[in-house]
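Commentary on secondary and tertiary structure
For reference, the chains in residue letters:
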Amino acid sequence: MRVYYFQAPSDKPRFQGIRQGILDVLDAKKAFYVTSDGMNSLDIPAAELEALTETGGSMLDKMDALIIEGSTPDADLGYLLAYAMTLRRPTLYLYDKDVSNRGVLKYLGDRQVPAFIQVRSYGGDQAAKIVDEFLTGIMGEEADNEPTVKFTLRITPSMERYLQWKAKQMKMTKADFLREQIDTQVVQRDEAYKKFLKKE
């Protein structure tokens, strides 16, 4: 599990405690993480991380999930949320009940937030607990969604050309592209299947 953790710089010491609590949870879950200030769980020097990024696009592209502590206003908050929506990455947007960043939350409230983006408020030292619950949920889903069943599908040459083109555009394998399309365009939209799952 690779997690990007964003927290805007703050001069309030209490946010440093919140940050450390969240990083402790990431360490306990044995997640590889990169923070917005360049820190990472493997102590990889910032220059090496930049080199990794330059060879294959954005570091965010390589992350499985995002955790955003959005209590302090920052220009990157909107960008990160839009990026998460585009990549369809599980995202946890946290904000302090007492020091909430109303601008971004108002924007989120006016639009439909996708199910893979959770917006949660916290008080005191609850942030670490919320992060733990979030990671437990997505790590469980990740294990369940690991492709293990082999399936043979015959397609036409024109479908193959399209898949090659689309996979190259999306910077993913043809199999990953097909899996994503089946999941997002078929499985998640099939109401009859969802009812069937509830009965099991």
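Please read these numbers as outputs of a predicted model, since none were measured by experiment.

1. Some points on the sheet that holds strand β2 (residues 32-35)
- The parallel open sheet is built from 5 strands, whose spatial order is β2-β1-β3-β4-β5. Of all the strands in the sheet, the pair left with one neighbour each is β2 and β5 (117-122). Here the average twist between neighbouring strands, direction ignored, is 20°.
- As paired strands, strand β3 (residues 65-69) and strand β4 (residues 91-96) are joined by 4 bridges and run parallel to one another. Bridging from a neighbouring strand, leucine 66 pairs with threonine 91 of β4.

2. Topic: the pairing of strand β1 (residues 2-7)
- Across the 6 residues that make up β1, a large majority, 5, are buried.
- Here β1 runs beside β2; their pairing, made up of 4 bridges, is parallel. Looking at the pairing, arginine 2 lines up with phenylalanine 32 of β2.
- Taking the sense of rotation as the criterion, the β-α-β connection linking β1, helix α1 (residues 13-28) and β2 turns out right-handed.
- Bridging between β1 and β3 involves 5 bridges; their strand directions are parallel. Within β3, the residue paired with phenylalanine 6 across the bridge is isoleucine 68.

3. With respect to the environment of proline 9
- Relative to the elements of secondary structure, proline 9 occurs in the loop between β1 and α1.
- Overall, proline 9 belongs to the exposed group, its relative accessible area being 69%.
- Residues proline 9 and serine 36 lie 27 residues apart in sequence; the distance between their C-alpha atoms is 9.4 Å.

4. Some points on helix α3 (residues 76-87)
- The end-to-end C-alpha distance of α3, which contains 12 residues, comes to 16 Å, matching closely the 16 Å that a straight helix rising 1.5 Å per residue would cover.
- Along α3, the residues classified as buried are Leu77, Leu80, Leu81, Tyr83 and Ala84. Buried positions in α3, seen along its axis, are confined to an arc of 160° and lie on one side of it.
- Directly after α3, the chain includes arginine 88, whose backbone phi takes a positive value near 60°.

5. Describing the pattern of salt bridges
- Under the definition given, this model contains 7 salt bridges.
- We note a salt bridge from aspartate 132 to lysine 29, for which the minimum N-O separation is 3.3 Å. One end of the pair, aspartate 132, is in helix α5 (residues 127-144); the other, lysine 29, is in the loop between α1 and β2, with 103 residues separating them in the sequence.
- On the basis of relative accessible area, aspartate 132 is assigned to the partly exposed category, the value being 33%.

6. Observations concerning the packing of aromatic side chains
- Within the structure shown, the criterion is met by 2 aromatic pairs.
- Ring centres of tyrosine 162 and tryptophan 165 lie 6.0 Å apart, and the angle between their planes is 40°; on these two criteria the pair is classed as tilted. Of this pair, tyrosine 162 and tryptophan 165 both sit in helix α6 (residues 157-170), 3 residues apart, roughly one helical turn.

7. Some points on the side chain of serine 71
- Residue placement: serine 71 occurs in the loop between β3 and α3.
- Judged by relative accessible area, serine 71 falls into the buried class, the value being 1%.
- A polar side-chain atom of serine 71 sits 2.6 Å from a polar atom in the side chain of glutamate 69.
- In this structure the side chain of serine 71 is engaged in a polar contact, spanning 2.7 Å, whose partner is the backbone nitrogen of aspartate 96.

8. Let's talk about the nonpolar core
- With 21 residues, the main nonpolar core has Val3, Ile22, Leu26, Ile67, Leu94, Val131 and Leu135 as its most contacted residues.
- Among the elements of the structure, β1, α1, β3, β4 and α5 are those that each provide at least two residues to this core.
- Counting 19 residues, the second largest nonpolar core, distinct from the first, contains Phe6, Val34, Leu80 and Ile117.

Criteria and cut-off values
Residues numbered from 1 in each chain as written. Predicted model: local features only at pLDDT ≥ 70, side-chain atom pairs only at ≥ 80, totals over all residues. Heavy atoms only, no water. Pairing = 2+ DSSP bridges. Helix = DSSP H or I, 4+ residues; strand = E, 2+ residues; numbered from the N terminus. Axes fitted to C-alpha atoms, helices over the stretch in contact; angles between N-to-C directions. Buried < 20%, exposed > 50% of the residue type's maximum accessible area, 1.4 Å probe, protein only. Right-handed = clockwise from strand over helix to strand, strands pointing away. Expected span 1.5 Å × (residues − 1). Arc of directions from axis to C-beta. Salt bridge = Lys/Arg side-chain N within 4 Å of Asp/Glu carboxyl O. Phe/Tyr/Trp six-rings, centres within 6.5 Å; stacked < 30°, edge-to-face > 60°. Polar contact = N/O pair within 3.5 Å; in protein donor to acceptor, adjacent residues only side chain to side chain. Core = buried A, V, L, I, M, F, W, Y, C linked by side-chain atoms within 4.5 Å.

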